[in-house]
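Chain residues, written in single-letter form:
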Amino acid sequence: MLSHHLLFFFSALGVFNGLLLSACLLAAHPRRISTVLTGSLLLLFCIRVGVSCLHFFTEATPWILVQLGLTAHLLIGPTLYTTTRTLLDRPDRWGDVNRWHILLGLAIVLLGGTLYPFEAHVLVWDHRIRYGIHALVAIYVLATALRLYRRRANESHEAMSQAWLVFGCAVGVMLGFVVSLYTNYIVGPLWFSIVFYGVGAAVWWTKRRAQSLPQAKPVAYADTKISSPEAEVLIARLKQLLTQEAPYRDPTLKLAGLAKSIGLTPHKLSQLLNDNMGQSFATFINTYRVEEAQRLMLDAPMLTMEAIGYEAGFSSRSSFYAAFKKHTGLTPAAYRGQQVSPES
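Residues numbered from 1 in each chain as written. Predicted model: local features only at pLDDT ≥ 70, side-chain atom pairs only at ≥ 80, totals over all residues. Heavy atoms only, no water.

Participant: Would you explain the overall build of the protein chain in this entry?
Facilitator: Assigned secondary structure in the protein chain consists of 14 helices and zero strands. The secondary structure elements of the protein chain, listed N-terminal to C-terminal, are α-α-α-α-α-α-α-α-α-α-α-α-α-α. The dimensions of the protein chain, computed from C-alpha atoms along their principal axes, are 80 × 60 × 35 Å. Here the protein chain holds 344 residues, and the buried ones make up 39% of them. Long-range contacts, defined here as pairs at least 24 residues apart, represent 69% of the contacts in the protein chain between residues at least 6 apart. On the protein chain, roughly 19,500 Å² of surface is accessible, and the fraction owed to carbon and sulfur atoms is 64%. Charge separation in the protein chain, taken as the distance between the mean sites of 30 positive and 20 negative side-chain charges, equals 5 Å. (Helix = DSSP H or I, 4+ residues; strand = E, 2+ residues; numbered from the N terminus. Buried < 20%, exposed > 50% of the residue type's maximum accessible area, 1.4 Å probe, protein only. Contact = heavy atoms within 4.5 Å. Areas by Shrake-Rupley, 256 points an atom, 1.4 Å probe, with all protein chains shown as cover. Lys, Arg positive; Asp, Glu negative; His and termini not counted. Charge placed at Lys NZ, Arg CZ, Asp CG, Glu CD.)

Participant: Please explain the packing of aromatic side chains as it appears in this structure.
Facilitator: Enumeration over the complete set of coordinates arrives at 13 aromatic pairs. When the centroid spacing of 6.1 Å and the interplanar angle of 25° are considered together, the rings of Phe192 and Phe196 count as stacked. Of this pair, Phe192 and Phe196 both sit in helix 7 (residues 187–212), four residues apart, roughly one helical turn. As far as burial versus exposure is concerned, Phe192 and Phe196 are alike and both buried. Consider the rings of Phe320 and Phe324, whose centres lie 5.9 Å apart with planes at 75°: the pair is edge-to-face. Residue Phe320 and its partner Phe324 are located together in helix 13 (residues 317–328), separated by four residues, close to a single helical turn. In this pair, the class of Phe320 matches that of Phe324, namely buried. Through successive ring pairs, a cluster of aromatic residues spans Phe314, Phe320, Tyr321, Phe324 and Tyr335. Its guanidinium or amino end placed over the ring of Phe177, Arg48 lies 4.4 Å from that ring's centre, counting from NZ or CZ. The ring centre of Phe314 lies 6.0 Å from the NZ or CZ of Arg289, which sits over that ring. (Phe/Tyr/Trp six-rings, centres within 6.5 Å; stacked < 30°, edge-to-face > 60°. Lys NZ or Arg CZ within 6 Å of the ring centre and 35° of its normal.)

Participant: What is the right way to read the packing of helix 2 (residues 33–57) against helix 3 (residues 63–89) from this model?
Facilitator: With their axes 8 Å apart at the nearest point, helix 2 and helix 3 run at an angle of 155° to one another. Classed by the angle they form, the pair helix 2 and helix 3 counts as roughly antiparallel. Here helix 2 and helix 3 pass one another in a crossing that is left-handed. (Axes fitted to C-alpha atoms, helices over the stretch in contact; angles between N-to-C directions. Parallel < 35°, antiparallel > 145°, perpendicular 65-115°, else oblique. Left-handed = near helix turned anticlockwise from the far one by under 90°.)

Participant: Even after reading the chapter, I still don't get a nonpolar patch on the surface, so can you show me in this structure?
Facilitator: A cluster of nonpolar side chains, namely Leu6, Phe9 and Phe10, defines an oily patch on the protein surface of about 300 Å² accessible area. If you trace the backbone, Leu6 turns up in helix 1 (residues 2–26). (Patch = residues over 30% accessible without salt bridge, like charges linked within 9 Å, V, L, I, M, F, W, Y side chains within 5 Å. Salt bridge = Lys/Arg side-chain N within 4 Å of Asp/Glu carboxyl O.)

Participant: Help me understand the environment of Leu104, please; the structure alone is not making it clear to me.
Facilitator: Relative to the elements of secondary structure, Leu104 occurs in helix 4 (residues 100–115). Leu104 gets classed as partly exposed once you look at its relative accessible area, which sits at 38%. Separated by 90 residues in sequence, Leu104 and Gly14 have C-alpha atoms that sit 29 Å apart.

Written out as structure tokens, the structure is:
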């Protein structure tokens, strides 16, 4: 029947191209951690949707494939959470990535799949495990949304936009799964294709439009450069504020807030930092945070590395490790080891 074949074609089209895109992301060079995780998340969605599509159009789907689809569904939650965190933190090494959520999901998958294989425990999977998987994914979706909301004021526009895009696409696809439970099972795969091509077209159109618009010329600070005498006074006032009140310990500190504290506009403070001090706002603040972390390592040896990072003003473990190594050339653990056991 033609309509049946068309339905299969359009529902499977998104899965096929999604697999191609995930393969490109996983094999992309340079090999960025966030790109690998994004490709892994897309691969999990393709497996989940592909099995649903196959199950709808075939009379007897092998039980191992049904279990594989539900397994991929379970891993979507922790992978989504870890991917969005990585897009915001931009760690340089896998050792700086908080992977225990994914590892916990894999442990659950291996243990549950071994003890309760789908073929031998269909009722258990259908009436218990399946609902537990949905609940776990829902918890991770809420946790991801909460983290994105809390980090909205601290991250660059590009990083936050990428994180929200990945989160929005994932939630959009999962809403199709929910609707399919109350309508028709094929709605999920069809909706995945719609979201996949809709988002792809929107991203392509946005980039094409941005390239076609005339580029605004950057504002040259040189025409209104802060004079050296004034800059010295402002820098002294800025450093005094940071030394006495330590606003850098607040992980939500922004350029506008710091500028207001010393009576400057955000534009003028940015100009002072970039033009007169040769540093970005993030680099300048992280210097103080790293110095605070170094002090805490000596004065509070009972604190864990994570606690030290948060006390110093870093919003996450990975951002703390990345900034610390950038400023000192050592990881926090290596630096503390040198302080505890200095060479004689």
